[in-house]
Amino acid sequence: MMSKRTSLIAASFVLLGVFATAPAQTPRVADGFSTDWEHLTIDVKELEPHVYLLHGSGGNTLASVGPDGTLLVDTEFLQVAPKLKEALAKLNAGNVRYVISSHYHGDHTGANGAFHEDGAVIVAQENCRMRMTQSRYSGMTGKTSPPAPVANLPTVTYEKRMTLYLNGEEIEAFHNQPAHTDGDTIVYFHHANVVHMGDVFVNNLYPYIDIGAKGTVDGYFPVIDEVLARIDDKTQVVPGHGPLATKRELKAYRDMIKTVRDRVVAGIAVGKSLEDILASEPTREFDAQYATDRVGGDGFVAMVYQSLTGKRMDWHPAKS
C-alpha cells in the first residue's frame, strides 16, 4: 500500500504533467517518440490499395494516395516533415491536397505548415483550430507553449461531420463530443474499412485526458461506442499512438477505461480521497499493458479523479 507522501506526490504529477508511475515502479518507456531527428526513419505499411500507415515520431499518419492527389490524417512533429515527404515520394504520392488534424497537439499537427506551404488545405474540428490559436498548457511537459504558427492552422473547419471524396474513397471526418480534447476528429475511410482514432485511442498506453482543453473521461465512451457500432471485425483501427489495432482491441481499451472510471466513482461515492483511491490500486490488472513513462497507472487514476470531480491537485512534488 502506498504511503501518504507517495500518494500525494503521484497526485501532484497530474498538475505538473509528469504522468509517470509511482517511484517504486519501473515504467515502460513508450515507443514512437524519438527525438533523434538525424537518424529517424519512417515506417510505412500498406493497409489497403492506396491507403498507407506511416510513422516517424509522434502521432500515426494515415495517407490516401492516388490519382486525385494525397490526403493525410495527422502530420507528426515538425522535425518529421522532410522524411515524411521523402516517404510519400517513394510511394509516388502526388501533392498533398488535404491534411486532416485529429486534434490540436503538436505531435499530430507540428508538420502541418510544411504541407500547407506546398498548397495543402488543413481541415479540423472547429475547437481544434481555436486551441491552436491560443497559448497551450501541456500536461505531458508541464510547460505552456505559444500559439501554433499561422501556417499550421486549419483553414477549413467543421462542427460535427464532413466528408471528402478522393481517390475513389469516401473519407468521413466526425466529432461526437469532447473526450481526449474538445476538438477530436475521428476519420473513417469507408471503402478501405480503415478508421483513424486520433488520441481517443492510444494502443498499449493509458490515455492522456487533456482536461485543460475540456477533455473528459466520460466522453470516451460515446465516441468509442459510435465507432464500435459502425465498424466490423475486419476494420483496421489506427490509434493516435501505438501499433495498428483491431475492433476487439479497441473494445478492450474502452472497457479498461470504464473499469478504472467505475472504481474511481465508487471511491468518490463513499467519500474517499484521491490518496485513498490510489491506495486501492484501481489500475492493478492493467498496468502491465498500459503503464508507461508518459502516463502511469497513478497518473491516469488522478486524471480520471480530476475529470469526475473538477478538483485541482495543488501539491508540489518537493513537499512531503
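Values in this document were obtained by computation on a predicted structure and should not be read as measured data. (Residues numbered from 1 in each chain as written. Predicted model: local features only at pLDDT ≥ 70, side-chain atom pairs only at ≥ 80, totals over all residues. Heavy atoms only, no water.)

Asker: I'd love a proper account of unusual backbone geometry, names of residues and values included.
Answerer: One non-glycine residue, Asp 74, lies in the positive phi region at around 75°. Mapped onto the elements, Asp 74 comes out in the loop between strand 4 (69-73) and helix 2 (81-90). One non-glycine residue with positive phi stands out, namely Asn 204, at about 65°. Inspection of the secondary structure puts Asn 204 in the loop between strand 13 (194-196) and helix 6 (220-230). (Helix = DSSP H or I, 4+ residues; strand = E, 2+ residues; numbered from the N terminus.)

Asker: Talk me through the nonpolar core; I want residue IDs and the actual numbers.
Answerer: One finds Met 197, Leu 250, Tyr 253, Met 256 and Phe 300 to be the most contacted residues of the largest nonpolar core, which totals 44 residues. Contributions of two or more residues to this core are made by strand 12 (186-189), helix 6, helix 7 (247-269), helix 8 (274-279) and helix 10 (297-309). Here Leu 250 is in contact with Met 197, Phe 201, Ile 224, Val 227, Leu 228, Ile 231 and Val 237, once residues within four sequence places are set aside. (Core = buried A, V, L, I, M, F, W, Y, C linked by side-chain atoms within 4.5 Å. Buried < 20%, exposed > 50% of the residue type's maximum accessible area, 1.4 Å probe, protein only. Contact = heavy atoms within 4.5 Å.)

Asker: Describe helix 7, naming the residues involved and giving the relevant values.
Answerer: Over its 23 residues, helix 7 runs 33 Å from end to end, which matches the ideal 33 Å to within 8%, given 1.5 Å per residue. Regarding helix 7, the residues found buried are Leu 250, Tyr 253, Arg 254, Met 256, Ile 257, Val 260, Arg 261, Val 264 and Gly 267. On its buried face, helix 7 sits against helix 6, strand 14 (236-238), helix 8, helix 9 (287-290) and helix 10. (Expected span 1.5 Å × (residues − 1).)

Asker: Break down the packing of aromatic side chains for me, citing the residues and quoting the values.
Answerer: Evaluated as defined, the whole model comprises five aromatic pairs. Put simply, the rings of Phe 201, Tyr 206, Tyr 253, Tyr 290 and Phe 300 touch in pairs and so form one group of aromatic residues. The ring of Phe 115 has Lys 85 lying over it, and the distance from NZ or CZ to the ring centre is 5.5 Å. The lysine or arginine in question, Arg 294, covers the ring of Phe 33, its NZ or CZ lying 3.6 Å from the ring centre. (Phe/Tyr/Trp six-rings, centres within 6.5 Å; stacked < 30°, edge-to-face > 60°. Lys NZ or Arg CZ within 6 Å of the ring centre and 35° of its normal.)

Asker: Give a description of the sheet that holds strand 14 that names residues and reports values.
Answerer: What the five strands build is an open sheet, ordered 10-11-12-13-14; its pairing is mixed. The open sheet has two edge strands with one neighbour each: strand 10 (161-166) and strand 14. Direction aside, neighbouring strands of the sheet carry axes that sit 15° apart on average. The strands touched by helix 6 are strand 10, strand 11 (169-174), strand 12 and strand 13; relative to strand 11, the strand with the most contacts, the crossing angle is about 160°. (Pairing = 2+ DSSP bridges. Axes fitted to C-alpha atoms, helices over the stretch in contact; angles between N-to-C directions.)

Asker: Please give an account of the packing of helix 6 against helix 7 that cites residues and values.
Answerer: How two helices sit against one another is set out by the angle between their axes and by the gap between those axes. Between helix 6 and helix 7, the least distance of the axes is 11 Å, while the angle of their chain directions is 160°. By the angle between their axes, helix 6 is roughly antiparallel relative to helix 7. Remark: the crossing between helix 6 and helix 7 carries left-handed chirality. Contact residues: helix 6 offers Tyr 220, Phe 221, Ile 224, Asp 225, Val 227 and Leu 228, while helix 7 offers Lys 247, Leu 250, Lys 251, Tyr 253, Arg 254, Ile 257, Lys 258 and Arg 261. For the contact of helix 6 with helix 7, the per-class residue count stands at eight nonpolar, no polar and six charged. (Parallel < 35°, antiparallel > 145°, perpendicular 65-115°, else oblique. Left-handed = near helix turned anticlockwise from the far one by under 90°. Nonpolar A, V, L, I, M, F, W, Y, C, P; charged D, E, K, R; others polar.)

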